[in-house]
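Residues per chain are reported as follows:
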Amino acid sequence: LIKILAAPIKKIFKLLINAVCGFALLFLANLVGGFFNFAIPVNILTCIVAGAFGIPGVIFLVVVVLFMG
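Here goes a summary of the coordinates provided. Source: prediction; values computed, not measured.

### Re the overall build of the protein
Next up, step 1: A count of helices and strands for the protein gives three helices and zero strands.
Next up, step 2: Listed N to C, the secondary structure of the protein is α-α-α in terms of helices and strands.
Next up, step 3: Seen along its three principal axes, the alpha-carbon backbone of the protein occupies a region of about 55 × 20 × 15 Å.
Next up, step 4: Counting all 69 residues of the protein, 20% fall into the buried class.
Next up, step 5: For the protein, the share of sequence-separated contacts (at least 6 apart) that also reach a separation of at least 24 residues comes to 56%.
Next up, step 6: Per element, the accessible surface of the protein, about 5,500 Å² overall, is 83% carbon and sulfur.

Shown next as structure tokens:
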């Protein structure tokens, strides 16, 4: 029973770690970007991308904002 429950708990924990890292990096990108007149809008879409993909998601958002803005 413990082995059956361990896999979903590991996936939830990994998603939670990605979400925390993504949110922290999104906050840091906006903090540092404020010095360079750069900001990633914080809305539901950017939060989902940063939370689901973590650091690569925030890097993707930075690249998209740089090329679209």
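### Some points on a nonpolar patch on the surface
Next up, step 1: On the surface, Phe27, Leu28, Leu31, Val32, Phe35 and Phe36 cluster together to form a nonpolar patch covering roughly 710 Å² of accessible area.
Next up, step 2: Positionally, phenylalanine 35 belongs in the loop between α1 (2–33) and α2 (44–53).
Next up, step 3: According to the relative accessible area criterion, phenylalanine 35 is exposed, its value standing at 72%.

### Observations regarding the packing of α2 against helix α3 (residues 55–68)
Next up, step 1: Where α2 contacts α3, the axes come no closer than 5 Å and their chain directions differ by 140°. The pairing of α2 with α3 is recorded here as oblique in orientation. Contacts between α2 and α3 involve Thr46, Val49, Ala50 and Phe53 on the former and, on the latter, Ile55, Pro56, Gly57, Val58, Phe60 and Leu61.
Next up, step 2: Residues of the contact of α2 with α3, tallied by class, amount to eight nonpolar, two polar and no charged.

### A closer look at the nonpolar core
Next up, step 1: Leu26, Ala29, Phe38, Ile40, Val49, Ala50, Val58 and Leu61 form the largest nonpolar core, which has eight residues in total.
Next up, step 2: Within the residue set of this core, elements represented by two or more residues are α1, α2 and α3.
Next up, step 3: When near neighbours in sequence (up to four residues on either side) are disregarded, leucine 61 contacts Leu26, Ile40, Thr46, Val49 and Ala50.

Reading the values: the criteria
- Residues numbered from 1 in each chain as written.
- Predicted model: local features only at pLDDT ≥ 70, side-chain atom pairs only at ≥ 80, totals over all residues.
- Heavy atoms only, no water.
- Helix = DSSP H or I, 4+ residues; strand = E, 2+ residues; numbered from the N terminus.
- Buried < 20%, exposed > 50% of the residue type's maximum accessible area, 1.4 Å probe, protein only.
- Contact = heavy atoms within 4.5 Å.
- Areas by Shrake-Rupley, 256 points an atom, 1.4 Å probe, with all protein chains shown as cover.
- Patch = residues over 30% accessible without salt bridge, like charges linked within 9 Å, V, L, I, M, F, W, Y side chains within 5 Å.
- Salt bridge = Lys/Arg side-chain N within 4 Å of Asp/Glu carboxyl O.
- Axes fitted to C-alpha atoms, helices over the stretch in contact; angles between N-to-C directions.
- Parallel < 35°, antiparallel > 145°, perpendicular 65-115°, else oblique.
- Nonpolar A, V, L, I, M, F, W, Y, C, P; charged D, E, K, R; others polar.
- Core = buried A, V, L, I, M, F, W, Y, C linked by side-chain atoms within 4.5 Å.

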